[in-house]
There are 2 protein chains.
Amino acid sequence: MALDQYFRDNRERHLAELTDWLSIPSVSSLSEHKQDTLKGGEWIAENLRSIGMENVQIIPTPGHPVVYGDWLHAEGAPTVLVYGHYDVQPVDPLHLWETEPFKPAIRDNKIFARGATDDKGQSFMHVKAVEALLKENGSLPVNLKFLIEGEEEIGSVNLPKFVEENQDLLSSDVIVISDTGMQEKGQPAICYGLRGLAGIQIDVKGAKGDLHSGLYGGAVQNALHALVSLLDSFRDENGVIQVDRFYDKVEPLTDDEKAAYEALNFSDEALKKELEVGALFGEKGYTSLERMWTRPTLEINGMWGGFEGEGIKTVLPNEAHAKITCRLVPHQDPDEIVELLTKHVEAHTPPGVTVEVTPFDKGAPYVTPYDHPAIQAAGASYEKVYGVPTQFIRGGGSIPIVAAFDQILQKPIVLMGFGLPGENFHAPNEHFHLENFDQGLRVIADYYSTLPEILKK
Amino acid sequence: MALDQYFRDNRERHLAELTDWLSIPSVSSLSEHKQDTLKGGEWIAENLRSIGMENVQIIPTPGHPVVYGDWLHAEGAPTVLVYGHYDVQPVDPLHLWETEPFKPAIRDNKIFARGATDDKGQSFMHVKAVEALLKENGSLPVNLKFLIEGEEEIGSVNLPKFVEENQDLLSSDVIVISDTGMQEKGQPAICYGLRGLAGIQIDVKGAKGDLHSGLYGGAVQNALHALVSLLDSFRDENGVIQVDRFYDKVEPLTDDEKAAYEALNFSDEALKKELEVGALFGEKGYTSLERMWTRPTLEINGMWGGFEGEGIKTVLPNEAHAKITCRLVPHQDPDEIVELLTKHVEAHTPPGVTVEVTPFDKGAPYVTPYDHPAIQAAGASYEKVYGVPTQFIRGGGSIPIVAAFDQILQKPIVLMGFGLPGENFHAPNEHFHLENFDQGLRVIADYYSTLPEILKK
């Protein structure tokens, strides 16, 4: 109750601070924002110091630095590692933003800005929950370590090595991450599984240059036709992936899992309405939720070649390009999948062209047993604040570092998400519902407070 | 002989004049060159006047104007209509030009500039041949009409209507066009057939916007996959077009035609070397020449959608686009082909997307009996100058106005081409071999001189 009062009394200042952080364009993927990204890290480091965190450091990596800070005076109590990220996605197309991405604006009890929900807003809640506990009680119920990185939006390229080399610094009993979301307003959810990621770029090369389709058309391979034929071989007309051995390690869903998804009452009609499509599309024999959370995918993310201008140009293009990525499910190995994709390309390359394959950064899939007490306790804290039972769900996306934490640190990971569908992360008009900011602070503080009992050593 | 001397004596001035004309960037497709295009027409109108052509006019059309001029004092002699065009293709990519496209440069007895071969250089030869005949003899052996248009490179959009409405002005016994080429150096050729053109743009639309492939991948149609599946349905793995009834009106080659092509000794090895490909590709059962000249084609000229930047973006694109054009052979009707293509799209659109089809400008195919005396006489004039028998060939490209002349004016059309393969028309470093300029002047003058005997009324 005292904490609730603290959150109410300090709400305005908290939002002013968050606004300040969100104003820093810490876009990790763009070199022109390198200094801004550093500034985004320095800002949260300073805020951690200001609330009483100790040993706060900005630790260099070959890319953007990692921010660390801890408070380790809860003798005998468990240790929590909180992960978040201070970097954000690019903002283009800028003209679709109603207010500027780095001038945070509050409308309808939502805060609009790049990073509002992904992930500054959500990371910040942990910092402010800790602030409240320290201010009100003079101490924390648990030992706490913050690890806030600056490269999540570019695939956490340097973090796995950092974690590998700093296992003592990062040792903990449970890892908490708020970088995911709930399924709907007022319905708390904990994500216990994520899909992995693997992909390749395909570059097709035909003749020495673009050719005149009148002079040569009919007698020489067109790079676009070769690419189309190659790409069409990856899936059948139902979306089933035709890459040899692609599904070998995918485990069928258990009856329990199927029943659990069924109980979520997911509405295909609502999804169609949300996406504005006349029909959904996917692997036969699976529900939409199963397709999005538990089945691997192969999607063309981009493709191009030849003439894109207005009107007609009767060219026979000699180059064609495509990017494809796969979402992977547990037991699929990203390296092996890249190998299978590459073999598929080799086996399906039409005559008259050469094809080059370049792999993208990869991420392993992840699923954790959600009956672990640390995960169930998080569900209980949610329920106390939101008043309804917590859903245990899986997510279709990939947080590459989650699989790395799982493999290296081998501790339970609690994906305590406060985002909502439609909050446009990675898109224009990203925003965060402030009711989840308010309630999330209470959930987090409650969770830290109950953990010592749950994880009694 | 007197003419030969005239051409030698005036060569330097002729090339200086051509350089002047080629310096005008009369790119008909680009609105920023509208005035330049007009200037290109005015230049040749003035040149026609200067050599003694009469009734020279710059006749407005809804687009770029038509230049007309005549000399009609050869009583009792046949009338020749000479067609050419003063507009040129765009020049991008500019950085690939060794010298600037509109600063003509002579190297190795070739003149380099946009329009050098297509078609200023070739049109200009007719003007200079007429000049020589008038200067040396004080009169022409035939009545002559020049029709030089400014929209050939944008599909001659206004010319068919102009021809339709000005049949008296344009009435003639034979139409001569120099806008094609020979098969190899020193080997004159007359083209007696061209392919037609029809095409469509395909625009695929899926969900309301690009989607996150992690959140939605697997449950909703990806516009790029839909497009790939649609495009792949147009041809089989041997390049045979799968559009229903596409080949219905295509006539098989006669044994005579097959034998004539065989006699041209076309080398697949040379083509592979020219195009730098490991293998040729096309319809089984046809030679490369037959594929390029006598068989219809369907080619993707461009396609695009989703992320084209560097690296990875796990987007599920909601839009995809492609342009396809078909080269048509005699008896195929462009309007009907567009209808068949549209029906094919409708029948092969995958679920979960909508597809819009937009037809491009069209051109009919054309074949003329090459045993017509006016065509055979042109072959004889070539042979006199080049010293080897003239080849009678077909071309894979399309000159839309040729079919229109054929249908409206119904006179024999002599495609008296002086271009050479590799002269890069429509590409960077377009050039024209000056030996063909020199010999072409003699061929043209000889042809005009022999026509009265050939076409005795």
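One can find the structure itself at the top, above this paragraph.
These numbers were taken from a predicted model, which means no experiment stands behind them.

### Structural notes on the pairing of strand β7 (residues 174-177) of chain A
All names here are of chain A. Side chains V174 and V176 of β7 all project onto a buried face; the interleaved residues I175 and I177 project onto the opposite face, where all are buried too. Bridge analysis of strand β3 (residues 79-85) against β7 gives four bridges, and the strand direction is parallel. By the bridge assignment, V80 is partnered in β7 with V174. The sheet contact formed by β7 and strand β17 (residues 413-416) spans three bridges and is parallel. Within β17, the position partnered with I175 by the bridge is I413.

### Quick notes on the pattern of salt bridges
A side chain with one charge may pair with a side chain of the opposite charge, provided their charged atoms come close. This structure, assessed with the given rule, holds 47 salt bridges over all chains. We note a salt bridge from R394(A) to E257(A), for which the minimum N-O separation is 3.3 Å. Taken as a pair, R394(A) in strand β16 (residues 391-395) and E257(A) in helix α8 (residues 255-263) lie far apart in primary sequence, 137 residues in all. Look at R394(A) and you get buried, because its relative accessible area is 6%. The shortest N-O distance in the salt bridge between K249(B) and E336(B) comes to 2.8 Å. On the criterion of sequence distance, the pair formed by K249(B) in the loop between α6 (223-232) and α7 (255-263) and E336(B) in helix α10 (residues 334-348) is long-range, its members being 87 residues apart. Each of R13(A), E17(A), K128(A) and E131(A) takes part in one network of salt bridges that share partners.

### As for the packing of helix α7 (residues 223-232) of chain A against α6(B)
In contact at an axis separation of 9 Å, α7(A) and α6(B) are set at 115° when each is read in the N-to-C sense. Comparing the axis directions of α7(A) and α6(B) gives the class roughly perpendicular. Classified by chirality, the crossing of α6(B) by α7(A) is left-handed. Across the interface between the two elements, V228(A), S229(A), L231(A) and D232(A) from α7(A) touch V228(B), S229(B), L231(B) and D232(B) from α6(B). For the contact of α7(A) with α6(B), a count of residues per class yields four nonpolar, two polar and two charged.

### Observations concerning the relation of the copies chain B and chain A
For these two chains of identical sequence, chain B goes onto chain A by a turn of 180° and a shift of 0.1 Å along the axis, with RMSD 0.1 Å. What we have between these two chains is a two-fold relation. Using C-alpha coordinates, one finds that chain B approaches the rotation axis most closely at W304(B), a distance of 2.1 Å. A high fraction, 100%, of the interface residues of chain B reappear at the interface in chain A, so the copies pair face to face through one surface.

### A few points about the interface of chain B and chain A
On the side of chain A, 70 residues touch chain B, which itself brings 70 residues to the contact. In terms of surface lost to chain A, no three residues of chain B exceed H225(B), F281(B) and M303(B), which account for 11% of the buried area on that side. At the junction of chain B and chain A, the tally comes to zero salt bridges. At the surface where chain B touches chain A, the tally comes to 39 residue pairs in polar contact (both at pLDDT 80 or more). Counting only elements with at least two residues in the side of chain B that touches chain A, the list comes to β10 (211-212), α5 (213-216), α6, α8 (268-275), α9 (288-293), β11 (297-306), β12 (315-316) and β13 (319-328) of chain B. Within the side of chain B that touches chain A, the residues separate by chemical class into 30 nonpolar, 25 polar and 15 charged. In this structure, strand β11 (residues 297-306) of chain A lies alongside β11(B), joined through five bridges in antiparallel fashion. Pairing of W304(A) across the sheet is with W304(B), part of β11(B).

So, how was this worked out
Residues numbered from 1 in each chain as written. Chains lettered and ligands numbered in written order. Predicted model: local features only at pLDDT ≥ 70, side-chain atom pairs only at ≥ 80, totals over all residues. Heavy atoms only, no water. Buried < 20%, exposed > 50% of the residue type's maximum accessible area, 1.4 Å probe, protein only. Helix = DSSP H or I, 4+ residues; strand = E, 2+ residues; numbered from the N terminus. Pairing = 2+ DSSP bridges. Salt bridge = Lys/Arg side-chain N within 4 Å of Asp/Glu carboxyl O. Axes fitted to C-alpha atoms, helices over the stretch in contact; angles between N-to-C directions. Parallel < 35°, antiparallel > 145°, perpendicular 65-115°, else oblique. Left-handed = near helix turned anticlockwise from the far one by under 90°. Contact = heavy atoms within 4.5 Å. Nonpolar A, V, L, I, M, F, W, Y, C, P; charged D, E, K, R; others polar. Least-squares fit on C-alpha atoms with pLDDT ≥ 70 in both. Buried area = accessible area lost by both parts, 1.4 Å probe. Polar contact = N/O pair within 3.5 Å; in protein donor to acceptor, adjacent residues only side chain to side chain.

Take it as geometry only, folks, not as evidence of what the structure does.
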